Amino acid sequence: MAPQYLDTAEGRRIAYHKTEGQGPCVVFLGGLKSDMEGTKALFLEEWAKARGQAFLRFDYSGHGESSGQFEEGCIGDWHADTLAAVDALTEGEIVPVGSSMGGWQALLLAKARAARIKGMVTIAAAPDFTEDGYWANFTDAQKAELERHGRVELPSDYMEPYVVTKRMVENGRQNLVLRGDLNLPFPVRCLQGTADTAVSTDTALRLLDHATCEDMQLTLVKDAGHRFSDEACLALIEKAVEEVCCGNAN
């Protein structure tokens, strides 16, 4: 099925699929350089359809079928895309489900739209990764290259080498969530694999420790990787989303 498109105030064209149904609307927020056709997004869409639950998946600008080039984007742009999609395409309560970079986006969404969030699920959440993952681990040579050329190429275990731009690093610093107050006044379920080579369990524990939340749980899955999309992991995602959607989290 072809996607629909949302034109944003920033002049970007966001591709999306919306499933109508009862609330709260589950909003899937994908990872860096991922798209809305991934295993977890499609699994949750089928789960939502079977329940008659409202569901939204979309591509950030520079991702999938949305407009723009990946190398032109940054965390703030994708946050603006997320706000545009949520504000224009959903009503009432929402449940963000953020995977990897989408976990950072879910936390930024919580800071901007806390009153609308019934609960949240994160999967290998990667908050502040531009600072703690990229910049903190860059060599002096890479930092000099970033300053001189405005970009540096990094290898990846999960995709072809990708470009990190100076704009992404500098904009990331304006959107950090682990340095200041992070109030999450709703149930939060965090899922993390211990064999994840992209996001460490230390990041998951840091988020758990840093956030102010009365009902926040972290589930560590032994030997699960970053994709977190095999049958057992998908079942855990379903359970977590159902828990916060139904108000059974406690």
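Preceding block: the structure.
Residues numbered from 1 in each chain as written. Predicted model: local features only at pLDDT ≥ 70, side-chain atom pairs only at ≥ 80, totals over all residues. Heavy atoms only, no water.

Our focus in this paragraph is the overall build of the protein. The helix and strand tally for the protein stands at eight helices and ten strands. C-alpha atoms of the protein, sized along the principal axes, occupy 50 × 40 × 35 Å. Sequence separation of at least 24 residues holds for 73% of the intrachain contacts in the protein that already meet a minimum separation of 6. Side chains of the protein carry 24 positive and 38 negative charges; the gap between the two charge centres is 2 Å. (Helix = DSSP H or I, 4+ residues; strand = E, 2+ residues; numbered from the N terminus. Contact = heavy atoms within 4.5 Å. Lys, Arg positive; Asp, Glu negative; His and termini not counted. Charge placed at Lys NZ, Arg CZ, Asp CG, Glu CD.)

Another aspect to go through is the sheet that holds strand β2 (residues 13–19). Pairing within the open sheet is mixed, and its eight strands lie in the order β1-β2-β4-β3-β5-β6-β9-β10. Edge positions in the open sheet fall to β1 (4–7) and β10 (216–221), since each of these has one partner strand only. Strand-to-strand twist in this sheet, taken as the mean axis angle between neighbours without regard to direction, amounts to 20 degrees. Pairing between β1 and β2: four bridges, direction antiparallel. Residue Q4 lies in a different strand from β2, and its bridge partner there is Y16. Of the strands in this sheet, β2, β3 (22–29), β4 (53–58), β5 (94–99) and β6 (120–123) are in contact with helix α1 (residues 39–51), which crosses β4 at around 160 degrees. (Pairing = 2+ DSSP bridges. Axes fitted to C-alpha atoms, helices over the stretch in contact; angles between N-to-C directions.)

Once that is clear, we can look at the packing of aromatic side chains. Under the definition given, this model contains seven aromatic pairs. A centroid spacing of 5.6 Å and a plane angle of 85 degrees characterise the contact between F58 and Y60, whose relative ring orientation is edge-to-face. On the numbers, 6.3 Å between centres and 5 degrees between planes, the contact of Y134 with F138 is stacked. When sorted by exposure, Y134 lands in the same class as F138, which is buried. Put simply, the rings of W104, F129, Y134, W135 and F138 touch in pairs and so form one group of aromatic residues. Above the plane of the ring of F70 lies K33, whose end atom (NZ or CZ) is 5.4 Å from the centre. Stacked on the ring of W135, the Lys or Arg R173 has its end atom at 4.7 Å from the ring centre. (Phe/Tyr/Trp six-rings, centres within 6.5 Å; stacked < 30°, edge-to-face > 60°. Buried < 20%, exposed > 50% of the residue type's maximum accessible area, 1.4 Å probe, protein only. Lys NZ or Arg CZ within 6 Å of the ring centre and 35° of its normal.)

So, on to the packing of helix α2 (residues 75–89) against helix α6 (residues 166–173). It is at 7 Å that the axes of α2 and α6 come closest, and there the two elements cross at 65 degrees. For the element pair α2 / α6, the angle class is roughly perpendicular. Along the contact surface, α2 presents I75, G76, D77 and W78, while α6 presents R167, M168, N171 and G172. Of the residues contributing to the contact of α2 with α6, the split by class is three nonpolar, three polar and two charged. (Parallel < 35°, antiparallel > 145°, perpendicular 65-115°, else oblique. Nonpolar A, V, L, I, M, F, W, Y, C, P; charged D, E, K, R; others polar.)

A water-sized probe rolled over the atoms picks out the places where empty space is left. Inspection of the entire model under this criterion finds two cavities of 30 Å³ or more. Considered as a void within the structure, the largest cavity measures approximately 50 Å³ in volume. At the level of elements, β9 (188–193) and α7 (201–210) are the ones that each hand at least two residues to the lining of the largest cavity. Of the voids in this model, the second largest cavity is the one considered here, and its volume is about 30 Å³. G30, G31, S34, D35, M36, F58, D59 and Y60 are the residues that line the second largest cavity. (1 Å grid on protein atoms, 1.4 Å probe; cavity = no way out; pocket = protein on both sides within 12 Å on 5 of 7 lines; lining within 4 Å. Points joined across faces, edges and corners; volume = space filled by probe spheres on them.)

Remember, this is a structural readout, not a statement about activity or role.
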